[in-house]
Amino acid sequence: MTDSMHSAHWGAFRARRDGDSLTITPFSADPDPSPLLANLHNALAHPARVARPMIRRGWLENGPGPDARRGLDSYVAVSWEETYARVAEELRRVGERYGPAGIFGGSYGWSSAGRFHHAQSQVHRFLNTVMGGYVRSVNSYSSGAASVLLPHIVGDMNEIARRGVSWETIASHSEVVLAFGGLALKNSQVASGGLSEHTERGFMQRAARRGTRFISVSPLKSDLPDEAGGEWLPLIPGTDAALMLALLHELTTQGLTDDDFLARYTHGWPTLKAYLLGEEDGIARDADWAADLCGLPAAQIRALAHALHGKRVLITVAHALQRAQHGEQPVWLGLALAAALGQPGLPGGGFTYALGALGHYGKHHNLASFPALPQGKNGIDRFIPVARIADMLLHPGEKFHYNGRHLTYPDIRLAYWAGGNPFHHHQDLARLRHAFCRLDTLIVHESAWTASARHADIVLPATMTLEREDVGGAPTDRHLIAMQPVAAPYGEARDDYQIFSELARRLGREAAFTEGRDARGWLEHLYAQLQEKLAAHQVGLPDFAAFWQEGVVTLPQLQDGGRMMNAFRADPTAHPLPTPTGKIQIASDAIAGFGYEDCPGHPVWRAPREQPSASYPFWLIANQPATRLHSQLDFGDYSRSGKRNGREVCSLHPLDAQRLGIADNDVIELYNARGHLLASAALTEAIRPGVVRLPTGAWYDPV
Ligand SMILES: Nc1nc2c(c(=O)[nH]1)N[C@H]1C(S)=C(S)[C@@H](COP(=O)(O)OP(=O)(O)OC[C@H]3O[C@@H](n4cnc5c(=O)[nH]c(N)nc54)[C@H](O)[C@@H]3O)O[C@H]1N2
Ligand SMILES: Nc1nc2c(c(=O)[nH]1)N[C@H]1C(S)=C(S)[C@@H](COP(=O)(O)OP(=O)(O)OC[C@H]3O[C@@H](n4cnc5c(=O)[nH]c(N)nc54)[C@H](O)[C@@H]3O)O[C@H]1N2
Ligand SMILES: [Mo]
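Residues numbered from 1 in each chain as written. Chains lettered and ligands numbered in written order. Predicted model: local features only at pLDDT ≥ 70, side-chain atom pairs only at ≥ 80, totals over all residues. Heavy atoms only, no water.

Caption draft 1: Region of the structure containing the packing of aromatic side chains. By the definition in use, this model includes 28 aromatic pairs. On the numbers, 5.6 Å between centres and 75 degrees between planes, the contact of Phe383 with Tyr402 is edge-to-face. Taken together, the residues Phe383 in strand S14 (residues 383-385) and Tyr402 in strand S15 (residues 399-402) connect sequence positions 19 residues apart. On the basis of relative accessible area, Tyr402 is assigned to the buried category, the value being 14%. (Phe/Tyr/Trp six-rings, centres within 6.5 Å; stacked < 30°, edge-to-face > 60°. Helix = DSSP H or I, 4+ residues; strand = E, 2+ residues; numbered from the N terminus. Buried < 20%, exposed > 50% of the residue type's maximum accessible area, 1.4 Å probe, protein only.)

Caption draft 2: Representation of the site of ligand 2. Taken together, 30 residues surround ligand 2, and among them Lys186, Asp223, Asp240, Pro625 and His630 come closest. In the model, an oxygen atom of ligand 2 is placed 3.0 Å from a nitrogen or oxygen of the Ala320 main chain. Gln624 is positioned with one of its backbone polar atoms (N or O) 3.1 Å from an oxygen atom of ligand 2. Surface burial for ligand 2 is 96%, taken as the share of its 910 Å² of free accessible area covered by protein chains. Secondary structure elements with two or more residues in the shell around ligand 2: helix H7 (185-188) and helix H14 (319-322). (Near = heavy atom within 4 Å. Polar contact = N/O pair within 3.5 Å; in protein donor to acceptor, adjacent residues only side chain to side chain. Areas by Shrake-Rupley, 256 points an atom, 1.4 Å probe, with all protein chains shown as cover.)

Caption draft 3: A look at the packing of helix H2 (residues 80-98) against helix H20 (residues 496-506). With their axes 9 Å apart at the nearest point, H2 and H20 run at an angle of 60 degrees to one another. As far as their axial angle goes, H20 and H2 are oblique. Where H2 crosses over H20, the two elements pack in a sense that is right-handed. Residue-level inspection shows Trp80, Glu81, Tyr84, Val87, Ala88 and Arg92 of H2 in contact with H20, the latter providing Gln498, Ile499, Glu502, Leu503 and Arg506. (Axes fitted to C-alpha atoms, helices over the stretch in contact; angles between N-to-C directions. Parallel < 35°, antiparallel > 145°, perpendicular 65-115°, else oblique. Left-handed = near helix turned anticlockwise from the far one by under 90°. Contact = heavy atoms within 4.5 Å.)

Caption draft 4: Spotlight on unusual backbone geometry. At Gln538, a residue that is not glycine, the phi angle is positive and equals roughly 60 degrees. With respect to the element layout, Gln538 can be found in the loop between helix H22 (519-535) and helix H23 (544-550). Even without glycine at this site, Leu633 takes up a positive phi of about 55 degrees.

Caption draft 5: Focus on the side chain of His445. Turning to its location among the elements, His445 is positioned in strand S18 (residues 441-446). A distance of 2.9 Å separates a polar atom in the side chain of His445 from a polar atom in the side chain of Asp496. With near-sequence residues (within four places) excluded, His445 lies in contact with Tyr416, Trp417, Ala418, Gly419, Leu460, Ala462, Asp496, Ile499 and Phe500.

Caption draft 6: Looking closely at the side chain of Thr465. Within the fold, Thr465 resides in the loop between strand S19 (458-461) and strand S20 (470-472). A relative accessible area of 10% means that Thr465 is categorised as buried. In this structure the side chain of Thr465 is engaged in a polar contact, spanning 3.0 Å, whose partner is the side chain of His6. Apart from the residues within four sequence positions on either side, Thr465 is in contact with His6, Ser7, Ser112, Ala113, Gly114 and Met483.

Written out as C-alpha cells, the structure reads:
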C-alpha cells in the first residue's frame, strides 16, 4: 500500500493505492476541490496507455520521408535499445544535413503539473544541449492575439491577467463586473503547475452577497455560476466589439465618459471617438447599429451603458473572444471602455484580462517561485507563432507577418513532440494531418494513444506523474507540493528525462544534458535554488528531506494583484505604463505603422469572414470542457460520465432542435466544409438559438 501526496493541474491531493484500487482525497486546505480529480481513478492501467515503444510500419520499412499513411498505418513494437538507436540515428541525420533549422521543437502543450518532468521543458533542453537548437514557437493557443496586442496598448499580459485586479478587491469593492465570455467555474478549476486552493466560487459568492452585479455577455448561460447571481446577455458570437463600441457611443453622446481620466491617463481617445461617431465614414456605431449585429435589443444596450456610469466597474474579456478572427478588437475595446469609465487603478475596478479563465488569474504571486528546468541556449533564432504549425509545414520558404515583422517559414524535416497534443489543440485537423504527412519524421513521447501518437512515426511510452517523483507548484499558488510516486511505471514506460538522457548519451552529449544529475538530484538542486532565493528575503524553508517527508510547504506571498495599474493611477509620471506613450493606448502609432487591414491603429469593428449560411446555419462554440483538461484523460471516469453512449454531448436550443427534428439524446452529425463528427444532442434553453456547443477535448478518431 502507498499513501502519497501528489498534484495535478486541477488540484493537489493524497493518493492511496491498495492493490489495483486508487483512492484520491483532495488536499485538506482546498475549499472547493475540482471534480476533475476523478479522472485519475482509472487512468494508471487504462488500455489507452502506451505500453511499449512502437514504430510506424511504413517508416520502419521505408525509412524517413513524407508519407500520406501517417494516421492510417499500423505499428510495430520494438525494444527500447532499437528505439534509442533509431531515434539517435535519425536525429544525427537531420542534424548533419539540415542543422537545427530542420527541427521543430515547438512541442506546445500542457503536459502535467510536475515542474521538473515538464515534458516541453525537457524536450527544449534536450534539443538545445544536444542538437544545438531548434525552430521554436512563441505565444500560445490560449492568448495568441492578446499577448501580442497588450504590450502595445497597456503592458505585459501577466500584469493585466495573473497580476490583474485581485479577487479580494473584487469581493470587497466591485459594484459591477461585466464579463465578456463569462466567468465559468469550469475554467478556473485548472492552473498550470497546480492549484491547491480553488477560491473563485467563494469570492463570487462574497461579492454577490455584498451586492456586486455580475453581468455575463456570452452565448451560453452556464458561463456565469449560480453563486454570482448575475444576469445573462446572450449575444451572437464574435460580435462583442460591436457591443462595446455601442456602449462607448452611448457614454460619449450622453456625456457619461470620464474626460479627466481620458486626458490624463490615455492616448488616442479623440481618434476612437471620431470613429465611434462616424466622423470618418458617416457610420455612427450606436446602439441601433450594434443591435442587429449582436442580436441584442438596442434599449438593452443603452440601459447597460447607463448601468455602468458612476459605478465601480470591472471589465474582463475571456481568452475565448480573442481566439477568433479579429480577436484583438474586443480586448482593446474592453480596455478602452474601462478607461472611458475612468476605472483603471481603482480597487475592484478597471480592466482585467481573462479573469476566471484559469486559476492563476486575479491572484497574488509568491515571493519566489520554484525554478524552471534550465533550457540551455538555442543556437538559432527562428520561430513561428504557435498556431502557424500547419502553415509552416505546408508552405516552407513562404513569407508571413508577425507583430510588425516579416518572417519566413523554415523547411522542417523532423518534429519532436513531448507533453502536448496537436490533434487536440490545433483548429483544422484534417489540414494538420496533411501537414504532418510532409515531414520526414515525427517523434512523440506520450503516456496515451492520443491522435498525435497515432500520427507519429516513433512513439515512446512516457510515464504519468503518478509513476514518478516531482515537485508541483505555480507562481500564484502558495503551496509547493512534493509529488510522491503512487505506482510503478505502466508497461515499459519511462520518464521523459530518462529517455532524453539515454538519447543524449548515444549522441555523445550526456553530460551537457544531465549535468551529472539524476531526477532526484535535479529536484534537490532546484529546491536548493528556491531556498537561496527566499534566504535573500530572510525566509527559511525546511530542508529537502523534511519537505519530502511533509509533502507540502507553504510559501510567502506578495500582495501584488493589480500593482501595475494601481501605481500608474497613483502617479503616472513616476510609474508610466510600459507603452510608447507611457499611457493607456486607445490608439497606437506602432500598430498603425504595421499597415494591417484587419488591425488598424485604433480598435474597430470587423465582421467575421465566416457567417452562418444556408448550408451551415449555426455558430459552433467549441469551448473548454467542464469534465477534463483539454484532451487529457478523456478516458477518465469523470470525462466519461459527461458523455452519453460514449459520445461527447452537443448542446442546442429546443427551437433549433424542433426545426431539425432532433430529440434529446439523439446521435447527431455536425459538419461543415472542413469535416464532420458525431455527438449526442442535449436540448437546453441555456444557449442562444442559432448557436450549438460542443466542448473540445474528445479525441480525433477519423479512422
Ligand atoms: N476547439 C478548441 N481547441 C482548443 C481550445 C479550445 O478552447 N477549443 N483551447 C486551446 C488551448 S487554450 C490550449 S492551451 C490547447 C491545449 O492543448 P494541449 O496542451 O496540447 O492539450 P493536452 O490535452 O493538455 O495535451 C497534453 C498531452 O500531454 C500528455 N502528457 C501528460 N503528461 C505527460 C508527460 O509527463 N510526458 C509526456 N511525454 N506527455 C505527457 C497528455 O497525455 C496529453 O496528450 O488547446 C487549444 N485548442
Ligand atoms: N475544465 C477546464 N478548464 C480549463 C481548461 C480545460 O481544458 N478544462 N483549459 C484552460 C486553458 S489552457 C485556458 S487557455 C482557459 C481558456 O479560457 P477561455 O478561452 O476563456 O475558455 P472557453 O471555455 O473556451 O471560453 C469561455 C466562454 O466564452 C464564451 N464565448 C465563446 N465565444 C464567444 C464570443 O464570441 N463572445 C462572447 N462574449 N463569449 C464567447 C463561451 O461560451 C465559453 O464558454 O481555460 C482553462 N480552463
Ligand atoms: Mo490555454
